Amino acid sequence: MQIYSAPIRDMQFVLYELHDAAGLTALDSFSEVSRDLVDPVLAAAAKFSSQILQPLNLSGDQQGCKLTASAVSTPDGFKQAYQQFCQGGWTAFCCDPEYGGMGMPKSIHSMVEEMFCSANLSFGMYPGLSFGAYHALHSFASQQIKDKYLAKLVDGSFSGTMCLTEPQCGTDLGLCRTQAIPCEDGSYLITGNKIFISAGEHDLSENIIHLVLARTPESPAGIKGISLFVVPKLLDDEQGQASLANNVLCTSIEQKMGIKASATCSMSFEQSRGWLVGELNKGMQGMFAMMNRARLAVGVQGLGLSEVAYQAATAYAKERLQGRSLAGAKYPEQAADPIIVHPDVRRMLLTMRAYTQGCRAYGAWVSQEYDYSNHHPDKKRRQAADEFVQLSTPIVKSLFTDLGFECTNLGMQVLGGHGYIHESGLEQYVRDCRITQIYEGTNGIQALDLIGRKLPYQAGRYLRRFFHPVQEYIEANIEDPEQAEFVQPLAKAFSRLQQATGRLAQVGLSDPEQAAAVASEYLRLFGLVALAFMWCRMTKIAVAKVNDDTTGFYAAKLTTGRFYMQKILPQSSALFASIMVGGEVLMALDEEQF
Ligand SMILES: Cc1cc2nc3c(=O)[nH]c(=O)nc-3n(C[C@H](O)[C@H](O)[C@H](O)COP(=O)(O)OP(=O)(O)OC[C@H]3O[C@@H](n4cnc5c(N)ncnc54)[C@H](O)[C@@H]3O)c2cc1C
């Protein structure tokens, strides 16, 4: 049985107590986004998630998608849920009001996205991809293209995709072979095969707007010759209705490990009519804009699955009776105690809890800065916020999804053999979560992005957006006896991160291969410190409020924060040791010796 109840209280804590929701309301764009508006929105998203999306999750996984001719049908109930999703305005949530959007902040959208991902990740993929397409068109397309497609993407009658991957071209997009031949009327004829295209074909929307990477005949080789095109599944007829086939065909759908209700399609484009988005040969610019936003969204997918797995595991641990507490029977009137009395089960539950709440706090910080980067009136503040988001994007994507997989796996372990059985729903979360570590740039590639692009940028300019607030916090709180148990471990781990960063900066210049060899460990160390910073700030609030609180919320925050500092953060020492040793040994084995 899958259960889900949106963690509204924790979301409110993060929005209103930890971060500066009032700062957002002070911006012109969000002057009406007060708590009176946001709380009912969160409640409505919670209701939609648990009442409409969650009940379709297990059945969607069982049925999967089906391909007949070149049409793809989604599982029972998806079409109706999608209509309700559009009618509820969720496709329009943080889109531009000029095109019918609601103009809500990203920081609220991330909370809503988390709920949808917890309830039904496969379903969430369809609007998620559409929003990515909307974002790329909104940022880079000509006014004509915007006028043609944005309102329809916003109201959900059209959906979108990102078509990057080809059989020979995955991580290395410079290997893209899809051709775009220019026509006299300014359009292009697109020919090529794309694979693994999420939502490439389905029965939810009237039309599908593909954003396709392709190269024109005279373009330079590699990544510098890639352009971005918008290619609709259906072209307009004489009445302006999208009804004419554009030779965009789904040739097969993948049988895969998880997200089975999300159609993963092989797509064939055969002289399909498309239009350039942005400048010729600058396609990666548009694609990166879309991918950066999408990477944050994939991080939220990991977070959403951690939360729902935690809830299922906790409910089970309170009910399942096995063995007796080692401290003496807790429920002598029952045949056995519930497994939540056992320290090892608590280790698993607390690990999930500490990671999930820590990630939610960090993710909300990043998405609030994302809002500032787009909407703050002060240019310098916008730039500072953007630098922080740039730095954090690979960390959010990689850390949240790696931890998502760890948490869903722990959730399954809490259920024992029952967790391994399909009916429990837990094994679906593990399977669904696994892809999040792979798509939108594998987590290994995120780590390379962090050390190769983000750290060296303008001699550590991005880095300072994180290092300075942490340093300032430590200096301001290190003498506070009530904070010592939290701030001292943070200070130690932060010092390790600083030393590791110095080492990487040194090695990266002379021997990039050596730096790359420790990139994933460095990203994890960075992520652990980021969560430790969040836990310090959260426990500081909890210390101040715990005595007046009768709900137990702040007391639980303090204990979870303690657990994080005592039982999780020490991993930073091992990571530090491994980073400082370097990665020579990785390259020591000859290829034939493998
Ligand atoms: C379910 C699903 C949905 C997807 N949805 C979409 C979609 O909507 N649109 C789309 O375009 N694509 C989509 N993809 C494709 C996905 O983004 C790619 O699979 C992913 O980017 C990795 O590419 P690849 O599979 O070719 O692996 P490869 O690039 O072949 O990588 C294989 C391994 O080598 C590592 N590697 C590769 N290059 C390097 C390097 N330079 N340095 C270090 N390590 C390296 C990788 O990290 C990985 O571990 C989807 C895939 C799946 C399975």
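Given the structure is predicted, the values throughout are model-derived calculations rather than measurements.

### Brief notes about the overall build of the chain
Within the chain one finds 20 helices and 11 strands. Against the globule reference of 25 Å for 594 residues, the chain gives a C-alpha radius of gyration of 24 Å, in line with a compact fold. Based on the C-alpha atoms only, the size of the chain along its principal axes is roughly 80 × 60 × 60 Å. Counting contacts in the chain only where the partners sit at least 6 residues apart, residues at least 24 apart contribute 74% of the total.

### What about the site of the ligand?
Near the ligand there are 20 residues, and of these Leu-164, Gly-170, Thr-171, Ser-198 and Thr-442 occur at the shortest range. Elements that contribute at least two residues to the shell around the ligand include exactly β3 (158-163), β5 (188-198) and α14 (443-454). Its residues placed into classes, the shell around the ligand shows 10 nonpolar, nine polar and one charged.

### Details of the nonpolar core
Counting residues in hydrophobic clusters, the biggest one holds 183 residues, and the most contacted among them are Phe-229, Tyr-522 and Ala-532. The leading source of residues in this core is helix α9 (residues 283-319), at 17 residues. When near neighbours in sequence (up to four residues on either side) are disregarded, Phe-229 contacts Ala-180, Tyr-188, Ile-190, Val-212, Ala-214, Gly-274, Trp-275, Leu-276 and Val-277.

### Details of the environment of Tyr-457
Here Tyr-457 lies in the loop between α14 and α15 (461-477). Given 14 C-beta atoms within 10 Å, Tyr-457 falls into the partly exposed group. When the C-alpha positions of Tyr-457 and Asp-386 are compared, they lie 13 Å apart, and in sequence the two are 71 residues distant.

### Details of the pairing of β5
Summarising burial for β5: eight of the 11 residues are buried, a large majority. The pairing of strand β4 (residues 179-182) with β5 spans four bridges and is antiparallel. The partner of Ala-180 across the bridge, within β5, is Ile-190. With eight bridges joining them, β5 and strand β11 (residues 264-277) adopt antiparallel strand pairing. The partner of Ile-190 across the bridge, within β11, is Ser-272.

### Quick notes on the packing of helix α6 (residues 106-119) against α9
Relative to each other, α6 and α9 sit at 55°, their axes nearing to 8 Å. As the angle between them shows, α6 and α9 are arranged oblique. In the crossing of α6 with α9, the sense of the turn from one axis to the other is right-handed. For the pair α6 and α9, contact is made by Ser-110, Glu-113, Glu-114, Cys-117 and Ser-118 and by Ala-297, Val-300, Gln-301, Leu-303, Gly-304, Leu-305, Glu-307 and Val-308, respectively. When grouped by side-chain class, the residues that make up the contact of α6 with α9 number six nonpolar, four polar and three charged.

### Notes on unusual backbone geometry
The backbone phi angle of Ile-259 is positive, close to 30°, even though this residue is not glycine. With respect to the helices, strands and loops of the structure, Ile-259 is situated in the loop between β10 (248-253) and β11. Phi at Ala-459 is positive, roughly 50°, even though this residue is not glycine. Among the structural elements, Ala-459 can be located in the loop between α14 and α15.

### Looking at helix α10 (residues 343-375)
Between the first and last C-alpha of α10 there are 47 Å, a value that for 33 residues agrees with the 48 Å anticipated at 1.5 Å per step. Burial analysis of α10 places 24 of its 33 residues in the buried class, the great majority of the element.

### Description of the packing of helix α18 (residues 519-545) against helix α20 (residues 571-581)
Packing of α18 against α20 brings their axes to within 9 Å, and their N-to-C directions diverge by 150°. Between α18 and α20, the angle is such that the two are roughly antiparallel. α18 and α20 meet at a crossing whose hand is left-handed. Judged by residue contacts, Glu-521, Tyr-522, Arg-524, Leu-525, Leu-528 and Val-529 of α18 engage Gln-571, Ser-572, Leu-575, Phe-576, Ser-578 and Ile-579 from α20.

### Brief notes about helix α8 (residues 143-155)
Taking 1.5 Å per residue as the helical rise, α8 with its 13 residues ought to reach 18 Å, and the 18 Å between its terminal C-alpha atoms agrees with that figure. The largest bend in α8 amounts to roughly 35° and is located at Tyr-149. Restricting attention to buried positions, one finds in α8 the residues Lys-148, Tyr-149, Leu-150, Lys-152, Leu-153 and Val-154. Directly after α8, the chain includes Gly-156, whose backbone phi takes a positive value near 85°.

### A look at the environment of Thr-74
For Thr-74, the location among the structural elements is in the loop between β2 (71-73) and α5 (78-87). Thr-74 gets classed as buried once you count the C-beta atoms within 10 Å, which come to 25. Distance in space between the C-alpha atoms of Thr-74 and Phe-123 is 9.4 Å, their sequence separation being 49 residues. If we ignore the near neighbours within four places in the chain, the residues touching Thr-74 are Cys-65, Lys-79, His-202, Asp-203, Leu-204, Ala-261 and Ala-263.

### Examining the pairing of β11
For β11, the tally of buried residues reaches 11 of 14 residues, placing the bulk of the element in the interior. The sheet contact formed by strand β7 (residues 227-232) and β11 spans three bridges and is antiparallel. Paired with Leu-228 across the strands is Val-277, a residue of β11. As defined by bridge partners, β10 adjoins β11 across five bridges and the pair is classed as antiparallel. Across the sheet, the residue bridging to Val-248 is Phe-269, located in β11.

### Things to note about the environment of Pro-343
Tracing the backbone through its elements, the reader meets Pro-343 in helix α10. Along the sequence, Pro-343 and Thr-314 sit 29 residues apart, while their C-alpha atoms lie 14 Å from each other.

Calculation rules
- Residues numbered from 1 in each chain as written.
- Predicted model: local features only at pLDDT ≥ 70, side-chain atom pairs only at ≥ 80, totals over all residues.
- Helix = DSSP H or I, 4+ residues; strand = E, 2+ residues; numbered from the N terminus.
- Rg over C-alpha atoms; globule rule 2.2 N^0.38 Å.
- Contact = placed C-beta atoms within 7 Å.
- Near = placed C-beta within 6 Å.
- Nonpolar A, V, L, I, M, F, W, Y, C, P; charged D, E, K, R; others polar.
- Core = buried A, V, L, I, M, F, W, Y, C linked by C-beta atoms within 7 Å.
- Buried ≥ 20, exposed ≤ 12 C-beta atoms within 10 Å, placed from the backbone.
- Pairing = 2+ DSSP bridges.
- Axes fitted to C-alpha atoms, helices over the stretch in contact; angles between N-to-C directions.
- Parallel < 35°, antiparallel > 145°, perpendicular 65-115°, else oblique.
- Left-handed = near helix turned anticlockwise from the far one by under 90°.
- Expected span 1.5 Å × (residues − 1).
- Bend = angle between axes of the 7 residues up to and from the residue.

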